[in-house]
Amino acid sequence: MDVTFLPLSDKDEEELVRFLTTNSFPYHRIKAPSEGLVRRLLMEGRFVGDTVRTYWVIGDNHRLGLVILEELDTPTPMLDLRLVERFRGRGNAVPVLQALTEKVFSDYPRIHRFAGRTREDNVAMRKTLLRSGFLKEAHYREDWPLEDGRRVATVVYAILRRDWERGTVTRFEWEELEQPR
């Protein structure tokens, strides 16, 4: 799949509102943002600012969704990928993440790592990150609050620049220290 990224422009406000309010995002903190919330977030710089960039994701001549790059002032920016509902579950996210990783490492030469986080029960996204060359680096137990009061873990995956350049995955041992008895 040929994937391109078009920067969000100030002319895209209505399209952004429509996209975020007509698609459900069941594994995000805000599953169904309201129009008022999206407009407020736009005003607050949630989508474009000094440390954040937002792009429309285009693949095979379709607008597949939106990606937000956050924390661009750090060595490890974070991604927030949101696909249109009808394009989910079709394997589109892997080529999107691979192209996005190339874009991030090419456009931002000082970036050392690129990361994404999701809920532990978002198995599809976790598999997508792994298939895209990312490695699980953190598992924060009972970190992500759910609407019903329960909590699930936040899982963080990242890819190192050198692994991306070499086409490898540098693994590590999770339990390198023995547990006390």
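Since the structure is predicted, the reported quantities are computational estimates derived from the model, not experimental observations.

**Q** Which residues make up the environment of threonine 76, and what values do they have?
**A** Of note, threonine 76 is situated in the loop between strand 3 (62-70) and strand 4 (78-83). When its relative accessible area of 17% is taken as the criterion, threonine 76 is described as buried. Separated by 72 residues in sequence, threonine 76 and aspartate 148 place their C-alpha atoms 32 Å apart. Every residue in contact with threonine 76, bar those within four places of it in the chain, is listed here: Glu71, Arg113, Phe114 and Ala115. In this structure the side chain of threonine 76 is engaged in a polar contact, spanning 2.9 Å, whose partner is the side chain of arginine 113.

**Q** Tell me what's going on with the environment of glutamate 35, and back it up with residues and numbers.
**A** With respect to the helices, strands and loops of the structure, glutamate 35 is situated in helix 2 (residues 35-43). Here the alpha-carbon distance between glutamate 35 and valine 17, two residues 18 residues apart in the chain, equals 6.1 Å. Those residues within four positions of glutamate 35 in sequence are excluded, and the remaining contacts are Val17 and Thr21. Of the polar contacts made by the side chain of glutamate 35, one reaches the side chain of arginine 39; its length is 3.0 Å.

**Q** Mind laying out unusual backbone geometry, listing which residues take part and the relevant values?
**A** Excluding glycine, residues mostly carry a negative phi; peptide bonds, for their part, are mostly trans. If you check the backbone angles, glutamate 71 has positive phi at about 60° while not being a glycine. Examined against the element boundaries, glutamate 71 turns out to sit in the loop between strand 3 and strand 4. At glutamate 142, a residue that is not glycine, the phi angle is positive and equals roughly 45°. When you line up the elements, glutamate 142 lands in strand 6 (residues 135-145). When its relative accessible area of 60% is taken as the criterion, glutamate 142 is described as exposed.

**Q** So what's going on with the pairing of strand 7 (residues 151-160)? Residues and values would help.
**A** Within a regular strand, the side chains alternate between the two sheet faces. Burial runs high along strand 7: 9 of the 10 residues are buried. Taken together, strand 6 and the strand that follows it, strand 7, pair antiparallel across an intervening segment of 5 residues, in which glycine 149 is found at a positive phi of about 95°.

**Q** Summarise the side chain of arginine 119; cite the residues concerned and give the values.
**A** Note that arginine 119 resides in strand 5 (residues 113-119). With relative accessibility at 6%, the residue arginine 119 sits in the buried group. Side-chain polar atoms of arginine 119 contact the side chain of aspartate 121, separated by 2.7 Å. Ignoring any residue separated from it by four or fewer positions in sequence, one finds arginine 119 in contact with Pro26, Tyr27, Lys31, Arg126, Trp144, Leu146, Val152 and Ala153.

**Q** A description of the sheet that holds strand 6 should follow, citing residues and the corresponding values.
**A** With mixed pairing, 7 strands are arranged side by side in an open sheet as 1-2-3-4-5-7-6. Every interior strand has two partners, whereas the edge strands, strand 1 (3-7) and strand 6, have only one. Across the sheet, the axes of successive neighbouring strands diverge by a mean angle of 30°, strand direction being ignored.

What counts and how
- Residues numbered from 1 in each chain as written.
- Predicted model: local features only at pLDDT ≥ 70, side-chain atom pairs only at ≥ 80, totals over all residues.
- Heavy atoms only, no water.
- Helix = DSSP H or I, 4+ residues; strand = E, 2+ residues; numbered from the N terminus.
- Buried < 20%, exposed > 50% of the residue type's maximum accessible area, 1.4 Å probe, protein only.
- Contact = heavy atoms within 4.5 Å.
- Polar contact = N/O pair within 3.5 Å; in protein donor to acceptor, adjacent residues only side chain to side chain.
- Pairing = 2+ DSSP bridges.
- Axes fitted to C-alpha atoms, helices over the stretch in contact; angles between N-to-C directions.

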